[in-house]
Amino acid sequence: MTDLSVLDLSPVGEGSTPGQSLANTLDLARHAERLGYKRYWLAEHHNMPGIASAATAVVIAHVAAGTRTIRVGAGGIMLPNHAPLVIAEQFGTLAALHPGRIDLGLGRAPGTDMMTARALRRNLDASVDNFPRDVVELMAYFEPADEGQRIRAVPGEGEDVPVWILGSSLYGAQLAAMLGLPYAFASHFAPAELDHALEVYRTRFEPSQHLDKPRVMLGLNVIAAPTDAEARLLFTSLQQAFVNLRSGRPGRLPAPVENYDHDLDPVARTMLNQALSCAVVGSQETVKQGVEAFIARTGADELMVTAQVFDHAARVRSFEMLADIHRDLSKAA
């Protein structure tokens, strides 16, 4: 049966604070661990008032220290923003502190606007075109050091840190296939190339020391509630956030709004229908049917589920309901 994991953007709701969001993140991670989710990933985004996980490795340390068994990782680290050695040291340190529990997903997007990317890097010489070389360099730092090796990641060398390639286009699929690495596709916000990317990755995959056959993780928005109507209401927070972001007005996660989509202009409606087409929203039975259909269509090995819900208790409840659904599907399988 397809594995089930959590992607958390540590959402900062209107009227709340990053500190409260990070406390909610740890609380949700503990619930996810209790409910049997496989991993809990945080994402790197910058200059976004509604996301508190910018210092991703720090938040991972916070979550890993507050849980016991669930795998914790990055979904992902935007590697062009960083020197590979720095990331090797950060995640080598995390792996030394939490053996066998740390994952590293790598993406080549900036995770922000270009002005902020320039502030992060000071210059843009760290081009996305260097991404394959940087991935290989980073992975080499996790290998046992050779005698006389001049540059070493300490901690890092010899640590078990599985690397995933993230993507929303064919580029990441091709790279993951060539390097024989697991592949995570961002279908939860950029689903346009999903089917083509899966085909490219699976047909071109080359077995490696890391992986003997393709392994695909797919992002999926899931919001479950007692009724379809309540779930659709909760979903309006994400819809508003997307419209605000794509309109150049990023902000904190808005509270739900009744009948939000009724007043949308056609351009915004089309954008939401495209960007959030991989979303399953509804009651337990509706979500069960939607998740089952998505797995059947894609053959995903793992679902990385995200739920941008304004009310933390409703968000926890959504993940609890999904865990029940996953157990039912596993028994049926």
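Before any of the text, the structure's been laid out above.
Below, the structure is looked at part by part. (Residues numbered from 1 in each chain as written. Predicted model: local features only at pLDDT ≥ 70, side-chain atom pairs only at ≥ 80, totals over all residues. Heavy atoms only, no water.)

With that settled, consider the overall build of the protein chain. A count of helices and strands for the protein chain gives 11 helices and nine strands. On C-alpha atoms alone, the protein chain measures out to a radius of gyration of 19 Å, which is about the 20 Å that the 2.2 N^0.38 rule sets for 333 residues. Residue pairs at least 24 apart in sequence account for 75% of intrachain contacts in the protein chain once pairs closer than 6 positions are excluded. Carbon and sulfur atoms provide 52% of the accessible area of the protein chain, an area that totals close to 14,700 Å². Taking the 29 positively charged and 38 negatively charged side chains of the protein chain as two groups, their mean positions are separated by 1 Å. (Helix = DSSP H or I, 4+ residues; strand = E, 2+ residues; numbered from the N terminus. Rg over C-alpha atoms; globule rule 2.2 N^0.38 Å. Contact = heavy atoms within 4.5 Å. Areas by Shrake-Rupley, 256 points an atom, 1.4 Å probe, with all protein chains shown as cover. Lys, Arg positive; Asp, Glu negative; His and termini not counted. Charge placed at Lys NZ, Arg CZ, Asp CG, Glu CD.)

With the rule as written, the count across this model stands at 12 salt bridges. One salt bridge connects Glu-320 with Arg-34, and the closest N-O pair in it is separated by 3.3 Å. Of the two residues, Glu-320 is situated in helix H11 (residues 312–332) and Arg-34 in helix H1 (residues 18–35); the sequence distance between them amounts to 286 residues. Glu-320 gets classed as partly exposed once you look at its relative accessible area, which sits at 27%. On the basis of relative accessible area, Arg-34 is assigned to the exposed category, the value being 53%. In this structure, Arg-39 and Asp-103 form a salt bridge, with 2.8 Å as the shortest nitrogen-oxygen distance. Note that Arg-39 is positioned in strand S2 (residues 39–42) and Asp-103 in strand S4 (residues 102–107), a separation of 64 residues in sequence. What makes Asp-103 buried here is its relative accessible area of 0%. (Salt bridge = Lys/Arg side-chain N within 4 Å of Asp/Glu carboxyl O. Buried < 20%, exposed > 50% of the residue type's maximum accessible area, 1.4 Å probe, protein only.)

Every α-helix carries 3.6 residues per turn, so stepping three or four residues along brings you back to the same face. Helix length check: helix H3 (residues 84–97), at 14 residues, gives a terminal C-alpha distance of 20 Å against a target of 20 Å (1.5 Å per residue), a fit within 8%. Listed as buried for H3 are Pro-84, Ile-87, Ala-88, Phe-91, Gly-92, Leu-94 and Ala-95. All buried residues of H3 fall inside an arc of 160 degrees around its axis, so they share one side. Those residues of H3 hidden inside the fold are in contact with helix H2 (56–66), strand S3 (71–78), S4 and helix H5 (131–141). (Expected span 1.5 Å × (residues − 1). Arc of directions from axis to C-beta.)

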